[in-house]
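Coordinates in review
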Amino acid sequence: MSLDVSPQLLAEAENGEVREQDFVETVRTSLPYAYDVIARLAEELRSGTAEFADNQTPPPSEKERGQLLRALSSDAIRGSLERHFGIALAFQNCHRVAAFRPEALGGATHTRFTSLRAQILNQSPEFRDC
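This part covers the overall build of the protein chain. Counting its regular elements, the protein chain contains seven helices and three strands. Relative to the compact-globule value of 14 Å for 130 residues, the protein chain shows a C-alpha radius of gyration of 15 Å, a close match. In the protein chain, which comprises 130 residues, the share counted as buried stands at 40%. Considering only contacts in the protein chain between residues 6 or more positions apart, those separated by 24 or more positions represent 62%. Accessible area of the protein chain: about 7,700 Å², with a carbon and sulfur share of 52%. Computed over 14 positive and 19 negative side-chain charges, the inter-centroid distance for the protein chain is 6 Å.

So this is what it looks like as structure tokens:
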């Protein structure tokens, strides 16, 4: 299971809309490694002048890798994290996630990062089973 949903949040979902801040808190506590990686990238992006901030460090275990994959493969989780941190995320492999400023989407650097060429060049045999 991806998220540890509280009975209260489940009841809210069954009765209508869920507050995004409650959902993000559930993501933070359920997928702490993924949340922390994205929070760190958002802070790096905000505090620097680079066009994007990216993570190139493999997770310490498959548990953490799974968290990152679950967070980025869910439209709801990914979108909530993007809105929460005010960033746009791009993802290349099992752990290379990048944070961009939303206005950079479609720009030269973002297009290069998300290109077919970049995807191919960012591959390696150890990523085959991730």
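Taking strand neighbours across the sheet as the criterion, the three strands line up as β1-β3-β2 in an open arrangement whose pairing is antiparallel. Every interior strand has two partners, whereas the edge strands, β1 (52–54) and β2 (88–91), have only one. In this sheet, adjacent strand axes meet at a mean angle of 25° when their direction is disregarded. Lying over the sheet, helix α3 (residues 32–47) contacts β1, β2 and β3 (97–100), oriented at roughly 40° with respect to β3. Packing of helix α4 (residues 62–73) onto the sheet brings it into contact with β2 and β3, and relative to β2 it is tilted by some 120°.

With respect to the helices and strands, the residue A50 is situated in the loop between α3 and β1. Each C-alpha atom of the pair A50 and F100 lies 9.3 Å from the other, and the pair is 50 residues apart in sequence. If near-sequence neighbours (up to four positions away) are discounted, A50 is found in contact with L45 and R101.

In this structure, I77, L81 and I87 are the most contacted members of the largest nonpolar core, which totals 24 residues. If sequence neighbours within four positions are ignored, L81 has contacts with V27, Y35, I38 and A71. Counting five residues, the second largest nonpolar core, distinct from the first, contains A88, A98, F100 and F113.

Bringing the pattern of salt bridges into the picture now. Under the defined criterion, the tally for this structure stands at seven salt bridges. R28 is the partner of E25 in a salt bridge, and the nearest nitrogen-oxygen pair spans 2.5 Å. Highlighted residues: E25 and R28, both in helix α2 (residues 20–30), separated by three residues, approximately one helical turn. Judged by its relative accessible area of 36%, E25 falls in the partly exposed class. Using a relative accessible area of 34% as the deciding quantity, one classes R28 as partly exposed.

The next thing to look at is the packing of aromatic side chains. By the definition in use, this model includes four aromatic pairs. On the basis of an interplanar angle of 55° and a centroid distance of 5.3 Å, the ring pair of Y35 and F85 is categorised as tilted. Residue Y35 is found in helix α3, and its partner F85 is found in helix α5 (residues 75–85); the two are separated by 50 residues along the sequence. Assigned by exposure class, Y35 and F85 land together as buried. When the ring of F52 is compared with that of F100, the centres are 5.0 Å apart and the planes differ by 25°; the resulting orientation is stacked. You can see F52 sitting in strand β1 and its partner F100 sitting in strand β3, a full 48 residues away along the chain.

What counts as what
Residues numbered from 1 in each chain as written. Predicted model: local features only at pLDDT ≥ 70, side-chain atom pairs only at ≥ 80, totals over all residues. Heavy atoms only, no water. Helix = DSSP H or I, 4+ residues; strand = E, 2+ residues; numbered from the N terminus. Rg over C-alpha atoms; globule rule 2.2 N^0.38 Å. Buried < 20%, exposed > 50% of the residue type's maximum accessible area, 1.4 Å probe, protein only. Contact = heavy atoms within 4.5 Å. Areas by Shrake-Rupley, 256 points an atom, 1.4 Å probe, with all protein chains shown as cover. Lys, Arg positive; Asp, Glu negative; His and termini not counted. Charge placed at Lys NZ, Arg CZ, Asp CG, Glu CD. Pairing = 2+ DSSP bridges. Axes fitted to C-alpha atoms, helices over the stretch in contact; angles between N-to-C directions. Core = buried A, V, L, I, M, F, W, Y, C linked by side-chain atoms within 4.5 Å. Salt bridge = Lys/Arg side-chain N within 4 Å of Asp/Glu carboxyl O. Phe/Tyr/Trp six-rings, centres within 6.5 Å; stacked < 30°, edge-to-face > 60°.

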